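Here is how the chains run, residue by residue.
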Amino acid sequence: QVQLVESGGGLVQAGGSLRLSCAASGRTFSSYYMGWFRQAPGKEREFRARISRTGGSTYYADSVKGRFTISRDNAKNTGYLQINSLKPEDTGVYYCAVGSRGSYGSGWPSDYDYWGQGTQVTVSS
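A brief report on the enclosed structure follows. Remember, it's a predicted structure, so these values are computed and weren't measured experimentally. (Residues numbered from 1 in each chain as written. Predicted model: local features only at pLDDT ≥ 70, side-chain atom pairs only at ≥ 80, totals over all residues. Heavy atoms only, no water.)

Helix and strand counts for the protein stand at zero helices and eleven strands. Along the protein, helices (α) and strands (β) appear in the sequence β-β-β-β-β-β-β-β-β-β-β when read from the amino end. Against the 2.2 N^0.38 benchmark of 14 Å for 125 residues, the protein shows a C-alpha radius of gyration of 13 Å, consistent with a compact globule. C-alpha atoms of the protein, sized along the principal axes, occupy 40 × 25 × 25 Å. Taking all 125 residues of the protein together, 42% fall into the buried category. Considering only contacts in the protein between residues 6 or more positions apart, those separated by 24 or more positions represent 59%. As displayed, the protein has an accessible area near 6100 Å², and 46% of this comes from carbon and sulfur atoms. (Helix = DSSP H or I, 4+ residues; strand = E, 2+ residues; numbered from the N terminus. Rg over C-alpha atoms; globule rule 2.2 N^0.38 Å. Buried < 20%, exposed > 50% of the residue type's maximum accessible area, 1.4 Å probe, protein only. Contact = heavy atoms within 4.5 Å. Areas by Shrake-Rupley, 256 points an atom, 1.4 Å probe, with all protein chains shown as cover.)

Our focus in this paragraph is the state of the cysteines. Considering all chains together, one arrives at one disulfide under this definition. Sulfur-sulfur distance for the disulfide between Cys22 and Cys96 comes to 2.0 Å. As the torsion about the S-S bond is roughly 65°, the Cys22-Cys96 disulfide counts as right-handed. In this pair, Cys22 sits in strand 3 (residues 18–26) while Cys96 sits in strand 9 (residues 92–99), placing the two residues 74 residues apart along the sequence. Here Cys22 and Cys96 have matching classes, each one buried. (Disulfide = S-S within 2.5 Å.)

We now examine the nonpolar core. Formed by 31 residues in total, the largest nonpolar core has its most connected members in Met34, Trp36, Ile70, Leu81 and Tyr94. Mapped onto this core, the elements with two or more residues apiece are strand 1 (2–7), strand 3, strand 4 (33–39), strand 5 (46–51), strand 7 (68–73), strand 8 (78–83), strand 9 and strand 11 (119–124). (Core = buried A, V, L, I, M, F, W, Y, C linked by side-chain atoms within 4.5 Å.)

The next point concerns the pairing of strand 11. Only one face of strand 11 is covered, namely the face carrying Thr119, Val121 and Val123; the face carrying Gln120, Thr122 and Ser124 is uncovered. When strand 2 (residues 10–13) meets strand 11, the two strands line up parallel, connected through four bridges. Bridged to Val12 within strand 11 is Val123. Two elements, strand 9 and strand 11, share three bridges in a ladder whose sense is antiparallel. Residue pairing for strand 11: Val93 is matched across the bridge by Gln120. (Pairing = 2+ DSSP bridges.)

Spatially, the four strands line up as an open sheet ordered 1-3-8-7, and their pairing is antiparallel. Each of the sheet's edge strands pairs with one partner strand only, and the pair in question is strand 1 and strand 7. Looking at each pair of strands side by side, their axes are set apart by 15° on average, direction ignored. (Axes fitted to C-alpha atoms, helices over the stretch in contact; angles between N-to-C directions.)

Below you can see the structure in the form of structure tokens.
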């Protein structure tokens, strides 16, 4: 079992930045790849970024490339999502998730085994 707790969300103006954190406890964090997803009101959970177990491989949704940076610190059992140049369409609840089907993960929520409770990001225009 892994418990995940996100933090760092908030209300920001368009063009601003946020750094989301995902603190893991339980089993060894480095055993899992990690992903970040966003869920906007009335919409399905949408893939944003993923990072491999070691942190050596990352992948982003096209709409966030160049603005989002995913990272992890396995020594601290914590993952991060740096979000720059925020846009109103980035608004939603951001979830981190981890999985163990291979080393790299995917953009599919079904490939992730454990999820945090989410942190709200609201971007005003």
